[in-house]
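# Survey of secondary and tertiary structure
Here is how the chains run, residue by residue.
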Amino acid sequence: MNDEEMEYESVSLDDISEIEWQWSGLIETEPASQSVVPHPESYTISFAQDGTYSIKADCNVGSGSYTLEGNELTLAPGPMTLAYCGPDSLDNQYLSLLNNVTNISMDNNQLVLGIGETGDRILFVQREELTDSNEESESLSIFNGTISSLEDGTSYQMFLLESEEISILGYTRGIKFVISEETVIVDPNGSLFDAEDLKEGMELRVFFSPTLTKSIPPIGQAKLIRLI
C-alpha cells in the first residue's frame, strides 16, 4: 500500500470542502472487484472548513470531525440517526467504510478515500458530475425495453431496444443505442457488467441523452445501462 500512497497527489482543504460528494463506487482488492452504487445521491459526505463533516447514509444523517494532514485523513464519528432504511439499503456498509478511511486523493475530479489495511478505495463524484454536463444541462431520459438485436458499429457496439412504451411514443421500430467508452453498465445489484456479455432478450433500463438522430430507427447515446 505504501507504493500506491506515494502516487497520490497532494489534497488541500480547498479541493474538497463545501462540496457535496456522492458515493459512486467501490474498488475492492480481495477479491479484486469494482461495484457501482445504485443511488449515489443517497450516500453523501461534505467537508466544512472548520474541520467538521456531515454525511447522509440513505435515510440517516450524521456529522463528525476530521483531521487532514497531507494525504492522511481521519474521520471521527459523531452523532448519527439510527433509522432502519430497508433491506436493500447500503447505509451500514457505507458507514463501516467511512469509519476505516486512512487516506485521501483526487483522480480526475473524483474524490478517492482509501482504506489503508485493505487497499480498498471509496469513489465519490460531485453532485453535478452525475447529471448530463452539456451546456444546456439537459437531464437524461429513461426507457425500459428488451434487446432485440446487437451489432458492431464502425467504432462502438450498438443494440436495438424495443418495448411497448417505446412504440407508443412513435418509435415503432425501436431505438438503437450506442455503447461508448463513457457508457456505464451495471447488473441489478449495481456491479459493473461487461458490454460483451449483453445478449438478445435481456431486459434493460437505459439512461440516455434526449437528443436522437432522425434516422429510422433513431440512434441515441447510452449513458447508463442497468439490467433489470
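Relevant structure appears above.
Residues numbered from 1 in each chain as written. Predicted model: local features only at pLDDT ≥ 70, side-chain atom pairs only at ≥ 80, totals over all residues. Heavy atoms only, no water.

### Quick look at the nonpolar core
- Counting 26 residues, the largest nonpolar core has Trp23, Ile45, Phe47, Leu75, Leu113, Ile122 and Phe124 as its most contacted members.
- Broken down by secondary-structure element, the contributors of at least two residues to this core are β1 (21-29), β3 (43-47), β4 (52-57), β6 (72-80), α3 (91-99), β8 (110-114) and β9 (121-126).
- In this view, Trp23 contacts Val37, Pro40, Tyr43, Leu90, Gln93, Tyr94, Leu97, Ile122, Leu123 and Phe124; residues no more than four positions away in its chain are not counted. (Core = buried A, V, L, I, M, F, W, Y, C linked by side-chain atoms within 4.5 Å. Buried < 20%, exposed > 50% of the residue type's maximum accessible area, 1.4 Å probe, protein only. Helix = DSSP H or I, 4+ residues; strand = E, 2+ residues; numbered from the N terminus. Contact = heavy atoms within 4.5 Å.)

### Some points on the pairing of strand β7 (residues 103-107)
- Across five bridges, the pairing between β7 and β8 is antiparallel. Across the sheet, Asp107 pairs through a bridge with Gln110, a residue of β8.
- Following β7, the chain reverses through two residues before pairing antiparallel with β8; Asn108 in that reversal takes a positive phi of roughly 50 degrees. (Pairing = 2+ DSSP bridges.)

### Considerations on the pattern of salt bridges
- Applying the stated criterion to the full structure yields one salt bridge.
- In this structure, Lys176 engages Glu151 in a salt bridge whose closest nitrogen and oxygen atoms are separated by 3.0 Å. One end of the pair, Lys176, is in strand β12 (residues 175-179); the other, Glu151, is in strand β10 (residues 141-152), and 25 residues separate them in sequence.
- A residue is classified by how much of its surface remains accessible, and Lys176, at 18% relative accessible area, is buried. (Salt bridge = Lys/Arg side-chain N within 4 Å of Asp/Glu carboxyl O.)

### Describing the layout of surface pockets
- Considering only enclosed or pocket space, the second largest pocket measures out at about 290 Å³ in volume.
- Looking at the second largest pocket, it is lined by 17 residues, and the ones nearest its centre are Val36, Val37, Pro38, Leu90 and Asn189.
- Here the element with the most residues in the lining of the second largest pocket is strand β2 (residues 32-36); it accounts for four residues.
- A class-by-class count of the residues in the lining of the second largest pocket yields seven nonpolar, eight polar and two charged. (1 Å grid on protein atoms, 1.4 Å probe; cavity = no way out; pocket = protein on both sides within 12 Å on 5 of 7 lines; lining within 4 Å. Points joined across faces, edges and corners; volume = space filled by probe spheres on them. Nonpolar A, V, L, I, M, F, W, Y, C, P; charged D, E, K, R; others polar.)

### Some thoughts on α3
- For α3, every residue scored as buried is listed here: Asp91, Tyr94, Leu97 and Leu98. Projected onto a plane normal to the axis of α3, the buried residues spread over an arc of 130 degrees and lie on a single side. (Arc of directions from axis to C-beta.)

### As for the environment of Met106
- Within the secondary structure, Met106 is located in strand β7.
- Since its relative accessible area comes to 22%, Met106 is described here as partly exposed.
- Each C-alpha atom, one on Met106 and one on Val11, is 7.0 Å from the other, the two residues being 95 residues apart in sequence.
- If sequence neighbours within four positions are ignored, Met106 has contacts with Val11, Ile16, Trp21 and Leu111.

### Regarding the pairing of strand β14 (residues 203-208)
- As defined by bridge partners, β10 adjoins β14 across six bridges and the pair is classed as antiparallel. Looking at β14, one finds that Phe143 is bridged to Val206.
- Examined bridge by bridge, β14 and strand β15 (residues 219-227) share five bridges and lie antiparallel to one another. Within β15, the position partnered with Leu204 by the bridge is Leu227.

### A closer look at the packing of aromatic side chains
- For the structure shown, the criterion picks out eight aromatic pairs.
- An angle of 70 degrees between the planes, with centres 5.8 Å apart, marks the rings of Tyr43 and Tyr94 as edge-to-face. Placement of the pair is Tyr43 in strand β3 and Tyr94 in helix α3, with a sequence separation of 51 residues.
- With 5.2 Å between their ring centres and 85 degrees between their planes, Phe47 and Tyr66 make a pair best called edge-to-face. One end of the pair, Phe47, is in strand β3; the other, Tyr66, is in strand β5 (residues 60-69), with 19 residues separating them in the sequence.
- Put simply, the rings of Trp23, Tyr43, Tyr94 and Phe124 touch in pairs and so form one group of aromatic residues. (Phe/Tyr/Trp six-rings, centres within 6.5 Å; stacked < 30°, edge-to-face > 60°.)

It is worth stressing that arrangement in space is one thing and function is another; only the former is reported here.
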